[in-house]
Amino acid sequence: MDFNMKKLASDAGIFFTRAVQFTEEKFGQAEKTELDAHFENLLARADSTKNWTERILRQTEVLLQPNPSARVEEFLYEKLDRKVPSRVTNGELLAQYMAEAASELGPTTPYGKTLIKVSEAEKRLGAAERDFIHTASLSFLTPLRNFLEGDWKTISKERRLLQNRRLDLDACKARLKKAKAAEAKATTVPDFQETRPRNYILSASASALWNDEVDKAEQELRVAQTEFDRQAEVTRLLLEGISSTHVNHLRCLHEFVKSQTTYYAQCYRHMLDLQKQLGSSQGAIFPGTFVGTSEPASPPLSSTSPTTTAATMSVAPTVPGLAPPGEAALCLEEVPPPASGTRKARVLYDYEAADSSELALLADELITVYSLPGMDPDWLIGERGNKKGKVPVTYLELLS
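Residues numbered from 1 in each chain as written. Predicted model: local features only at pLDDT ≥ 70, side-chain atom pairs only at ≥ 80, totals over all residues. Heavy atoms only, no water.

1. What to know about the overall build of the chain
For clarity, the threshold we go by: Secondary structure elements are defined from DSSP: runs of H or I of at least 4 residues count as helices, runs of E of at least 2 residues count as strands, and each element is numbered from the N terminus. Three labels apply to residues, based on accessible area from a 1.4 Å probe with only protein chains included: buried if under 20% of the type maximum, exposed if over 50%, partly exposed otherwise in between. A contact between two residues is defined here by any heavy atoms of the two lying within 4.5 Å. Here, Shrake-Rupley sampling with a 1.4 Å probe gives the accessible areas, and only protein chains in the shown set may cover a residue.
Each helix and strand counted, the chain has eight helices and five strands in total. Helices and strands in the chain line up, N terminus first, as α-α-α-α-α-α-α-α-β-β-β-β-β. Classification of the 400 residues of the chain by burial places 31% in the buried group. Across the chain, every contact between residues at least 6 apart in sequence was considered, and the portion connecting residues at least 24 apart equals 68%. As displayed, the chain offers around 25,500 Å² of accessible surface, 58% of which is attributable to carbon and sulfur atoms.

2. Some thoughts on the environment of Arg71
With respect to the helices and strands, Arg71 occurs in helix α3 (residues 68-79). Arg71 gets classed as partly exposed once you look at its relative accessible area, which sits at 25%. Those residues in contact with Arg71 that lie beyond four places of it in its chain are Glu61, Val62, Gln65 and Pro66.

3. Topic: the layout of surface pockets
Rules: Note on definitions: the grid is 1 Å and covers protein atoms alone; a cavity is a set of points where a 1.4 Å probe fits but cannot get out; a pocket is an open set with protein on both sides within 12 Å along at least five of seven lines; lining residues have an atom within 4 Å of a point. Grid points are joined across faces, edges and corners, and a volume is the space filled by probe spheres set on the points. Residues are sorted three ways: Asp, Glu, Lys and Arg are charged, Ala, Val, Leu, Ile, Met, Phe, Trp, Tyr, Cys and Pro are nonpolar, and all the rest, Gly among them, are polar.
Considering only enclosed or pocket space, the largest pocket measures out at about 1,300 Å³ in volume. Considering the residues around the largest pocket, the lining is formed by 33 residues, among which Glu74, Glu78, Val84, Ile133 and Ser137 are closest to the centre. Ranked by the residues each element gives to the lining of the largest pocket, the list is headed by helix α5 (residues 110-188), at eleven residues. Taken together, the residues of the lining of the largest pocket break down into twelve nonpolar, eight polar and 13 charged.

4. Here's the deal with the environment of Ser371
Of note, Ser371 is situated in the loop between β2 (366-370) and β3 (379-384). On the accessibility criterion, Ser371 (16% relative accessible area) is buried. Separated by 33 residues in sequence, Ser371 and Pro338 place their C-alpha atoms 8.5 Å apart.

5. Section: the pattern of salt bridges
Spelled out, the test is: Salt bridge, as used here: a side-chain nitrogen of Lys or Arg that lies within 4 Å of a carboxyl oxygen of Asp or Glu.
Inspection of the entire model under this criterion finds twelve salt bridges. A salt bridge links Glu383 to Lys388; the shortest N-O distance between them is 3.5 Å. Here the two residues Glu383 and Lys388 agree in accessibility, since each one is buried. Shared partners join several salt bridges into a network, and the residues in it are Arg346, Asp364 and Glu397.

6. Here's the deal with the side chain of Arg145
As for its placement among the helices and strands, Arg145 is situated in helix α5. Note on Arg145: relative accessible area 18%, which makes it buried. Non-local contacts of Arg145, meaning those with residues more than four positions away in its chain, are made with Leu57, Glu61 and Glu78.

7. Here we look at a nonpolar patch on the surface
Rule in force here: Two distance rules govern patches: like charges are joined within 9 Å, and nonpolar side chains (Val, Leu, Ile, Met, Phe, Trp, Tyr) within 5 Å, applied only to residues with over 30% relative accessible area and no salt bridge.
Together, Val72, Phe75 and Leu76 line one region of the surface with nonpolar side chains, adding up to about 290 Å² of accessible area. By the element assignment, Phe75 lies in helix α3.

8. Some remarks on the sheet that holds β3
What counts here: Think of it this way: DSSP has to see at least two bridges between two strands before they count as a pair. To obtain an axis, a line is fitted to C-alpha atoms, over the contacting stretch when the element is a helix, and the angle between two such axes runs from 0 to 180 degrees between their N-to-C directions.
A sheet is described by the order of its strands in space; here five strands give the open sequence β4-β3-β2-β1-β5, paired in antiparallel fashion. On the outer flanks of this sheet lie β4 (387-392) and β5 (396-398), each paired with one strand and no other. With direction set aside, neighbouring strand axes in the sheet form an average angle of 40°. Inspection of the sheet shows β2 paired to β3 by three bridges, in the antiparallel sense.

9. Considerations on the confidence of the model for the chain
Our working definition: As a per-residue quantity, pLDDT reports the predictor's confidence and falls between 0 and 100.
Summing up the model confidence of the chain, the mean pLDDT is 79 and the portion of residues at 70 or higher is 73%. For the chain, the element scoring lowest by mean pLDDT is helix α8 (residues 306-315), at 40; helix α2 (residues 37-64) scores highest, at 95. Of the regions scoring below 50 in pLDDT, residues 288-330 engages in 50 contacts with residues more than four places distant in sequence or in other chains.

10. Some words on the pairing of strand β1 (residues 343-347)
Side chains of β1 alternate between two faces, with Arg343, Ala345 and Val347 buried and Lys344 and Arg346 left unburied. Bridging between β1 and β2 involves four bridges; their strand directions are antiparallel. Looking across to β2, one finds that Arg343 is bridged to Val369. In terms of strand pairing, β1 meets β5 through three bridges, oriented antiparallel. Bridge pairing links Val347 to Leu396 in β5.

11. A short note on the nonpolar core
Quick reminder of the rule: The nonpolar core is taken to be a set of buried Ala, Val, Leu, Ile, Met, Phe, Trp, Tyr and Cys residues, with the residues joined through side-chain atoms within 4.5 Å.
Counting residues in hydrophobic clusters, the biggest one holds 34 residues, and the most contacted among them are Phe132, Phe140 and Leu239. For this core, the elements supplying multiple residues, two or more each, are α2, α5, α6 (197-240) and α7 (242-285). The element best represented in this core is α5, accounting for 16 residues. When sequence neighbours within four positions are dropped, the list of residues in contact with Phe140 reads Ile56, Thr60, Cys252, Leu253 and Phe256. Counting 17 residues, the second-largest nonpolar core is a separate cluster that includes Ala345, Ile367, Tyr370 and Ile381.

12. Quick look at the packing of aromatic side chains
Condition: In summary, the pairing rule links any two rings of Phe, Tyr or Trp, Trp by its six-membered ring, whose centres are within 6.5 Å, and it sorts them by plane angle into stacked for under 30 degrees, edge-to-face for over 60 and tilted for everything else.
All chains considered together, the criterion is met by seven aromatic pairs. Ring centres of Phe132 and Tyr263 lie 4.9 Å apart, and the angle between their planes is 10°; on these two criteria the pair is classed as stacked. Here Phe132, found in helix α5, pairs with Tyr263, found in helix α7; they are 131 residues apart in sequence, far enough to count as distant. One aromatic cluster is present, formed by Phe132, Phe140, Phe256, Tyr263 and Tyr264 through successive ring pairs.

What follows is the structure, encoded as structure tokens:
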């Protein structure tokens, strides 16, 4: 118990000395040992790395999980060392609602069939998002979090210890400076003006006392300087390790970009497949029209005039392969486009014409398309300059 009390008293004395030194430095009443410029640069780079790592980590967490309540819940599970429960993604939840709606509204109706197709695509998108979140968390968030909770805590601990060693060193310097000043004063100025032998003895005794105090202060200064230099070297090595941290974070950043690229490529592929399915089913639901068109392929019978009927009869067999048996099909170049109903379309990818009735396509080019009565809903008539031919709907993105 006595030993513990002595240690407590010693620690309290050291703490008080450091507090006095720190306060005097803040008020400019004490000298402060400055670190070299290279060391200061290492400290500044380490602080900048820590601050930006925290910001990047927080914003990446927002990107992967926009719901703040869900992020707080995941944080609490991690702090309690418990497994985070599996969470349904927004895409998967939307797919579930669409599937339930299709089941209730009628899975055999056109709307119900489309809901089922879209729900399957949304389910695949949700699964891809889940994989992306898992991969990004392991390859990117975990290394950043390990740096902040591991390496940075070690660096901060050693920096605080270096600060304490520096305060001890400066306190020893101040104590030595005061002891030397008192020793010089005791040597040059006697305690009394009288010249009696007793006064000489007192003056010599005071000088010897301050001489011992100077020797003690010098010894404490040498010890404090050694401890400060040792701690400065340890801290310097840790700060120089920030370069290795940057290399590690760079590798993790490449992994994050790779996983994000894979995720968006999967989403694009799933949506392209869905667009093809909806394009083919749209033609089956609304024959003679293309996506987004609500106009009928031909006027109602009740409003059809003789002139219109004749025009319709002459145009109907113009598409090769669509003419009734025994009737010759007219060449596409001889058929004028309709007065209304033409649209612009962007070609999604290259298409090689199978015969002279089809139009070869190049990816990303713009063509004019329209439909003719009696055509297969999976095909449209495409025009590019003075060339004309059949084009598949699945290869096109219809524009407004």
